[in-house]
Amino acid sequence: AMVRGAVDLVRCYDGDRPLCIYLPLTFPHPPYAVEDPWYRMIERGKVPPCAPIPKMIDREPGLYRVLRELQGMQEWTEERWAELRATYYGMCARVDHQFGMLMDALKDSGLYDDTAVFFFSDHGDFTGDYGVVQKADNVFPDCLVRVPFVIKPPEGTAVQPRVSEAL
């Protein structure tokens, strides 16, 4: 509903005043669930395996052990983890689609070239990495901190287009 509202706002924008849209979405976020076609979009056999639980327990943050115990997922099979991860990826695909809807509305309305767009996330998700799900405070593995941050400046802005691996 929020995405449709933002799309409608863009399509009805009369240009009278400056326009700023802040569109916070809760997807992807537990509970892990997504409707079709996004649920079926992800091939379960192509989902990468979870990052393993470290063999050297003394080098693992103690929080991971506590989370595994609290979440009770020690007996999950790789197949069950793959289903959770595929569902999460489907949730991400749904957000990608919704972002595309907004970009299409900007283009159709002739506003895209003059618009600054910032697309980002506050954190990632374990989705089975290290045997846990969701997120945790005070630990910073790649799966939690390497999240999208996309900037599209207005046309004519002097920038060097690039993809960066920096945090």
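Analysis parameters
- Residues numbered from 1 in each chain as written.
- Predicted model: local features only at pLDDT ≥ 70, side-chain atom pairs only at ≥ 80, totals over all residues.
- Heavy atoms only, no water.
- Core = buried A, V, L, I, M, F, W, Y, C linked by side-chain atoms within 4.5 Å.
- Buried < 20%, exposed > 50% of the residue type's maximum accessible area, 1.4 Å probe, protein only.
- Helix = DSSP H or I, 4+ residues; strand = E, 2+ residues; numbered from the N terminus.
- Contact = heavy atoms within 4.5 Å.
- Arc of directions from axis to C-beta.
- Axes fitted to C-alpha atoms, helices over the stretch in contact; angles between N-to-C directions.
- Parallel < 35°, antiparallel > 145°, perpendicular 65-115°, else oblique.
- Nonpolar A, V, L, I, M, F, W, Y, C, P; charged D, E, K, R; others polar.
- Phe/Tyr/Trp six-rings, centres within 6.5 Å; stacked < 30°, edge-to-face > 60°.
- Lys NZ or Arg CZ within 6 Å of the ring centre and 35° of its normal.

Asker: Any chance you could explain the nonpolar core here in plain terms?
Answerer: Most often, soluble globular proteins have nonpolar side chains that are buried together. Core analysis: the largest hydrophobic core is formed by 11 residues, namely Tyr-32, Val-34, Trp-38, Cys-50, Met-73, Trp-81, Leu-84, Tyr-88, Met-91, Ala-93 and Val-133. At five residues, helix α4 (residues 78–108) tops the list of elements feeding residues into this core. Setting aside chain neighbours within four positions, we find Cys-50 in contact with Glu-78, Trp-81, Arg-85, Thr-127, Gly-128 and Asp-129. Within the second largest apolar cluster, 10 residues are counted, among which are Ala-6, Leu-102, Ala-105 and Val-117.

Asker: Help me understand helix α3 (residues 62–71), please; the structure alone is not making it clear to me.
Answerer: It helps to recall that an α-helix has 3.6 residues per turn; residues three or four apart then point in one direction. Where α3 is concerned, the buried positions are Tyr-64, Leu-67 and Arg-68. The arc that holds every buried residue of α3, seen down its axis, measures 100 degrees, which confines them to one face. When the buried face of α3 is taken as reference, the exposed residues oriented beyond 90 degrees from it are Glu-69 and Leu-70. One or two positions beyond α3, positive phi appears at Gly-72, with a value near 60 degrees.

Asker: How should I be thinking about unusual backbone geometry in this particular structure?
Answerer: With glycine set apart, most residues show a phi of negative sign, and most peptide bonds adopt trans. Omega for the bond connecting Phe-27 with Pro-28 falls within 30 degrees of zero, at -15 degrees, which places this linkage in the cis form. Secondary-structure assignment places Pro-28 in the loop between α1 (2–12) and α2 (38–41). A cis amide bond links Pro-30 with the next residue in sequence, Pro-31, at an omega value of 5 degrees. Topologically, Pro-31 is positioned in the loop between α1 and α2. Phi at Thr-127 takes a positive value of approximately 40 degrees, unusual for a residue other than glycine. Its location among the elements puts Thr-127 in the loop between β1 (117–120) and α5 (142–145). Assessed through its relative accessible area of 5%, Thr-127 is described here as buried. Here Tyr-130, not a glycine, exhibits a phi torsion of approximately 65 degrees, which is positive.

Asker: How do you make sense of the environment of Ala-158 when you look at a structure like this?
Answerer: Among the secondary structure elements, Ala-158 is positioned in the segment after β2 (149–152). The spacing of Ala-158 and His-97 is 61 residues in sequence and 28 Å in space, taken between C-alpha atoms.

Asker: How should I be thinking about the packing of α1 against α4 in this particular structure?
Answerer: Each packed pair of helices is defined by two parameters, the angle between the axes and the distance between the axes. Running from N to C, α1 and α4 cross one another at 5 degrees; their axes reach a closest spacing of 9 Å. Judged by the angle between their axes, α1 and α4 are roughly parallel. Side by side, α1 and α4 meet where Val-3, Arg-4, Ala-6, Val-7, Val-10 and Arg-11 of the first sit next to Gln-98, Met-101, Leu-102, Ala-105, Leu-106 and Asp-108 of the second. For the contact of α1 with α4, the residue count by class is eight nonpolar, one polar and three charged.

Asker: Explanation requested: the packing of aromatic side chains in the structure shown.
Answerer: Across all of its chains, the model carries eight aromatic pairs by this definition. The interplanar angle of 25 degrees and the centroid separation of 5.1 Å between the aromatic rings of Tyr-64 and Tyr-130 together place this pair among those described as stacked. Here Tyr-64 is found in helix α3, whereas its partner Tyr-130 is found in the loop between β1 and α5, with 66 residues between them in sequence. Between the aromatic rings of Phe-126 and Tyr-130, the centroid separation amounts to 6.2 Å while the plane-to-plane angle is 85 degrees, which identifies the pairing as edge-to-face. By the ring-pair criterion, three or more aromatic residues cluster together here, those being Tyr-32, Tyr-88 and Tyr-89. In this structure, Arg-44 is placed above the aromatic ring of Tyr-39, and the distance from its NZ or CZ to the ring centre is 4.3 Å. Against the face of Tyr-112 rests Lys-152, its NZ or CZ located 4.4 Å from the ring centre.

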